[in-house]
Amino acid sequence: MAKYDEFLGQPSDAKRWKVALYIRLSKEDGDKGESYSVTSQREILLEYLKSHSEFELYDIYVDDGWSGTNFDRPDFKRMMDDVYEGKVNCVVVKDLSRFGRNYADAGNYIDNIFVRLKVRFIALNNGVDSFSDNMNSATQCITIGVQNVINESVAATTSVNIRGTLNVSRKQGKFIGSFACYGYKKDPNDRHKLIIDDEAAEVVRMIYRLFLEGKGVLGIVKTLNSLGIQNPAAYKKAQGLNYSHTSGKNNDGLWCDQTVRRILKNEMYIGNMVQGKNTTVSYKIKQCRPVPKSEWIIVEGTHEPIIDKDTFYKVQSLFGTDAFVRKSLLTGEVELFTGLVKCADCHRAMSKKTNHFDYGTYSYYRCVTNNKRGGCFPHSVRIDKLEQAVLYTIKAMIKTALELEAFLLEVEERAKKQPEGNLLNRTIDKKIAEREKYKEMSLSLYPDWKSGMITQEEYTKLKESIAERIKGLDQAIEELQKEGTKPSKKDMKDNEFLNHFLQYATIDKLTRPIVVELIDSILVHGNGNITINFKFTDAYEEILEYIDEVKRLMLAEIA
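About the criteria used
Residues numbered from 1 in each chain as written. Predicted model: local features only at pLDDT ≥ 70, side-chain atom pairs only at ≥ 80, totals over all residues. Heavy atoms only, no water. Patch = residues over 30% accessible without salt bridge, like charges linked within 9 Å, V, L, I, M, F, W, Y side chains within 5 Å. Areas by Shrake-Rupley, 256 points an atom, 1.4 Å probe, with all protein chains shown as cover. Salt bridge = Lys/Arg side-chain N within 4 Å of Asp/Glu carboxyl O. Lys, Arg positive; Asp, Glu negative; His and termini not counted. Charge placed at Lys NZ, Arg CZ, Asp CG, Glu CD. Helix = DSSP H or I, 4+ residues; strand = E, 2+ residues; numbered from the N terminus. Pairing = 2+ DSSP bridges. Contact = heavy atoms within 4.5 Å. Axes fitted to C-alpha atoms, helices over the stretch in contact; angles between N-to-C directions.

J.: Can you walk me through a negative patch on the surface in this structure?
T.: A contiguous patch of negative charge, built from Asp308, Asp310, Glu496, Asp538, Glu541, Glu542, Glu545 and Asp548, is present on the exposed surface. Considering each element in turn, the negative patch owes the most residues, 5 residues, to helix H18 (residues 537–558).

Laid out in structure tokens, this is it:
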């Protein structure tokens, strides 16, 4: 029984041809339902079948969003399976370009495979019907061949033009993909812009949070699956998007480590448009090849971020240490110092080892380079001692941050009590007043000399001394004026060192997020000493220079 007899309203016993209607359209927006052109093609083909009683519709095959330059299309392959099984003996398309734009392959199907299998082929708009008596085989072969060559030429030209147009749009920061990345959706008012998909964005934030809290990638996968959260492909399908994943029907909706890792590394989540990561071999060969990262097209600040930059780059730094790989097999958690402890001599990551004794158990990090490769020393550090040392040092840095903040507040309060001007301006005014005083002194020397109050020798020495003093004051005033107005406490409000350390003012225990946020690396020396390299050292140096300058200005004011 044919699948669509009820639509055509005709008895099936009088029909000689079991028809496959084939419809194809190149890629359109993936967030649409069925493309308009697909609907149009279907209506045209069904109307054609209605007027031919010898046709029995077996099935309709639709490849929506697939190029015609090759025949690796899911529904085309499904149709050919039905042809080979004898379920279909007539293929009808709107025109030859819908069937395919590859001259050689299209010709092989029409002139070779269909002929051998006795399959009738009809292309309505081109007037092609392999069963028609109105066109001899030679004329028909030439007609089809010429049209296929034209179709392939159009495909080649179109491919070049489209690539150029798309690259221009990419460089302008316009989104040109079929589907927005997980966590975003296309703006209904502008398909080239992305807006946040609140439901999916919450999952993205959860992934980043779990990772920074110490969950490994596989641990995050297990958490997402245990909560019943759909993976991105299943989520898009559930939202009604015309989305097909590379895994096809085998996609079970579960998360995998590659998906989580891709989300954790995707710069799109900080508001940057990242495109051009893959390309096809040619307009005929649709096999994707990765593009070197240096050639990606990245435009910053094109859409609202889901993840702040600090969080994103913290995660990237952890990937650089392979911290997401080395995790506890029992808990799925990343160890407190994993990826951060390194040998001070060979600078390779140190390995954790646990010893069990009758009186207890302790763990330590050791350099294994000497055992594996030679050329280093087998020094180590106990993890419990390391924790104590790191916690003590972090507290010391926090104390420093508190002292610096207190000094800044003092400077701010001092400035409030002196509304007539800030410290630098008042220092400049003082220097200018002093210079004017010396100029007046210089002018009074001449009358004093003429009146006999001072000798000529005294006059000459005093004049030179005053001139030298005025020169020094001019230089000092010029330098102060170049510095501009004194920076205030407000200028330091975004100092990274203060912001990151002051938030842990009440710390009493180390956690993975704290360690990852504040520490870049921990170097273990052969004598058991450690060196902790903190992050935000540039910001720390910046605030020290600022305070030194404030103190210098205070001393200048006193002087």
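J.: I would appreciate a short explanation of unusual backbone geometry in the present structure.
T.: Excluding glycine, a negative phi dihedral is what most residues carry, and trans is how most peptide bonds are arranged. In this structure, histidine 347 takes a positive phi of about 60° despite not being glycine. You can see histidine 347 is positioned in the loop between strand S12 (341–343) and strand S13 (351–357). Phi is positive for phenylalanine 536, close to 65°, though the residue is something other than glycine. Topologically, phenylalanine 536 is positioned in the loop between strand S17 (530–534) and H18.

J.: Whenever I open this one, the sheet that holds strand S4 (residues 120–123) confuses me. Can you help?
T.: Backbone-to-backbone hydrogen bonds pair the strands of a sheet. The strands run either parallel or antiparallel. An order of S2-S1-S3-S4-S5 is seen for the 5 strands of this open sheet, with the pairing classed as mixed. Of all the strands in the sheet, the pair left with one neighbour each is strand S2 (55–64) and strand S5 (128–129). For strand S3 (residues 90–93) and S4, the ladder comprises 4 bridges, and the chain directions are parallel. Its bridge partner lying in S4, valine 92 is registered against isoleucine 122. Strand contacts of helix H3 (residues 74–84): strand S1 (17–25), S2 and S3, with the helix running at about 150° to S2, the strand carrying the most contacts.

J.: Looking at this structure, how should I read the sheet that holds S17?
T.: On the basis of which strands lie adjacent, the open sheet formed by 3 strands has the order S12-S16-S17 and mixed pairing. The open sheet has two free edges, formed respectively by S12 and S17, since each of these has just one partner strand. For this sheet, the mean inter-axis angle between neighbouring strands, taken without regard to orientation, is 25°. Here 5 bridges tie strand S16 (residues 519–524) to S17, and the two strands are oriented antiparallel to one another. Counterpart to serine 521 in the pairing with S17 is asparagine 533.

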